Amino acid sequence: GLPLPAQPPEGDWRGSMLKLGAMLYKRHFLEGTVAAESKSRFREWQLEGERELNEAPLSAISPISEAILARGVPKWWRERRIENARVLLQALEGWAVAKPAFREWPEGHAPFDVPFVFSSQTERDYYQHVLQQHEIFCPVEWICDTPDRAATELSLRILSIPVDHRYAREDMERIAATMLAVENLGAVSERRT
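Residues numbered from 1 in each chain as written. Predicted model: local features only at pLDDT ≥ 70, side-chain atom pairs only at ≥ 80, totals over all residues. Heavy atoms only, no water.

### Describing the overall build of the chain
For the chain, the count of helices and strands is 8 helices and 3 strands. For the chain, the α and β elements follow one another from N to C terminus as α-α-α-α-β-β-α-α-β-α-α. Overall size of the chain, expressed as C-alpha extent along the three principal axes, is 55 × 45 × 40 Å. Taken across its 193 residues, the chain has 32% of its residues classed as buried. As presented, the chain carries roughly 13,000 Å² of accessible surface, and 56% of it is formed by carbon and sulfur atoms. Computed over 24 positive and 29 negative side-chain charges, the separation of the two mean positions in the chain equals 3 Å. (Helix = DSSP H or I, 4+ residues; strand = E, 2+ residues; numbered from the N terminus. Buried < 20%, exposed > 50% of the residue type's maximum accessible area, 1.4 Å probe, protein only. Areas by Shrake-Rupley, 256 points an atom, 1.4 Å probe, with all protein chains shown as cover. Lys, Arg positive; Asp, Glu negative; His and termini not counted. Charge placed at Lys NZ, Arg CZ, Asp CG, Glu CD.)

Dropping the structure here:
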């Protein structure tokens, strides 16, 4: 119920359009209507879109985003995010390799992802690599470079696991099983020695 700040009068939508194009192309890839080598193309568009968004000045929302969001977000999106976060956290209860940044959240809120804090950047990067090899999206969302050494050090150890509405319970269970399998296969202990 709070008022939003005024929109900038003009928009630079190159970044958001590249990301939208990447998502649409990815859908075609997942449906099998474009060739397997297309995966690198939509990933390039995704990364270029991120660069454009990071470098562009403050911009008005794109017309397509405004049209989609005009009616609000479906209630089930938030419900799915909450459920997915709970499934993932429960499946990794007691996991010793990394700790979730949170296990609960305020009433009325819904996490978009579950960030895990690893003991080192090396370990975080290793898990990210293994998960990506299993086609699990797990971004490093917070890159901090400030005089606050503790904040910078923490940012180097966090890996996020998305739990948004695009994922189902089975996806969360597969992600957790993959994370646990890396440890159970002895890959972590071997890598540390």
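### A word on the environment of Gly-108
Structurally, Gly-108 is set in the loop between strand E1 (98–100) and strand E2 (113–118). Here the alpha-carbon distance between Gly-108 and Gly-11, two residues 97 residues apart in the chain, equals 32 Å.

### Brief notes about the packing of aromatic side chains
With the rule as written, the count across this model stands at 9 aromatic pairs. Relative to Tyr-127, the ring of Phe-118 has its centre 5.3 Å away and its plane inclined at 40 degrees; by these criteria the two rings are tilted. Across this residue pair, the class does not change: Phe-118 and Tyr-127 are buried. Their ring planes at 85 degrees and their centres at 6.1 Å tell us that Tyr-126 and Tyr-127 sit as a pair that is edge-to-face. (Phe/Tyr/Trp six-rings, centres within 6.5 Å; stacked < 30°, edge-to-face > 60°.)

### Describing the pattern of salt bridges
Applying the stated criterion across every chain, the model contains 11 salt bridges. Where Glu-48 meets Arg-51, a salt bridge forms, and the shortest distance between an N and an O atom there is 2.9 Å. Separated by 3 residues within a single helix, Glu-48 and Arg-51 lie in helix H2 (residues 38–55), roughly one turn from each other. Overall, Glu-48 belongs to the partly exposed group, its relative accessible area being 27%. Relative accessible area serves as the criterion here: at 43%, Arg-51 is assigned to the partly exposed category. A salt bridge links Glu-173 to Arg-169, with the nearest nitrogen and oxygen atoms 3.6 Å apart. In this pair, Glu-173 and Arg-169 are both assigned in helix H7 (residues 169–184), 4 residues apart and thus about one turn of the helix distant. Glu-173 gets classed as partly exposed once you look at its relative accessible area, which sits at 38%. Judged by its relative accessible area of 39%, Arg-169 falls in the partly exposed class. One network of salt bridges, with partners in common, ties together Asp-12, Arg-14 and Glu-52. (Salt bridge = Lys/Arg side-chain N within 4 Å of Asp/Glu carboxyl O.)

### Comments concerning the pairing of strand E3 (residues 158–162)
Along a regular strand, successive side chains alternate from one face of the sheet to the other. E3 sits mainly inside the fold: 5 of its 5 residues count as buried. Burial along E3 is two-sided: the face carrying Ile-158, Ser-160 and Pro-162 and the face carrying Leu-159 and Ile-161 are both buried. Two strands pair when backbone bridges link them, and E2 and E3 are joined in this way by 5 bridges, in the antiparallel orientation. Within the sheet, the bridge partner assigned to Asp-113 lies in E3 and is Pro-162. (Pairing = 2+ DSSP bridges.)

### What to know about the nonpolar core
Membership of the largest hydrophobic core comes to 26 residues, with the highest contact counts inside it found for Leu-88, Trp-95, Phe-116, Phe-118, Ile-161 and Met-179. Residue assignment for this core shows that the elements contributing at least two residues are helix H4 (75–91), E2, helix H5 (121–133), E3 and H7. At 5 residues, the largest contribution of residues to this core is made by H7. (Core = buried A, V, L, I, M, F, W, Y, C linked by side-chain atoms within 4.5 Å.)

### Quick look at a nonpolar patch on the surface
A contiguous nonpolar surface patch, about 600 Å² in accessible area, is contributed by Trp-13, Met-17, Ile-61, Ile-64, Ile-68, Leu-69 and Val-73. The element best represented in the nonpolar patch is helix H3 (residues 63–69), accounting for 3 residues. Here Leu-69 falls in the partly exposed class, since its relative accessible area comes to 48%. (Patch = residues over 30% accessible without salt bridge, like charges linked within 9 Å, V, L, I, M, F, W, Y side chains within 5 Å.)

### Structural notes on the side chain of Asn-84
Residue position: Asn-84 is located in helix H4. The class for Asn-84 is buried, based on a relative accessible area of 0%. Apart from the residues lying within four places of it in its own chain, the contact partners of Asn-84 are Val-163, Asp-164, Tyr-167, Ala-168, Arg-169 and Met-172. (Contact = heavy atoms within 4.5 Å.)

None of this, on its own, says anything about what the molecule does.
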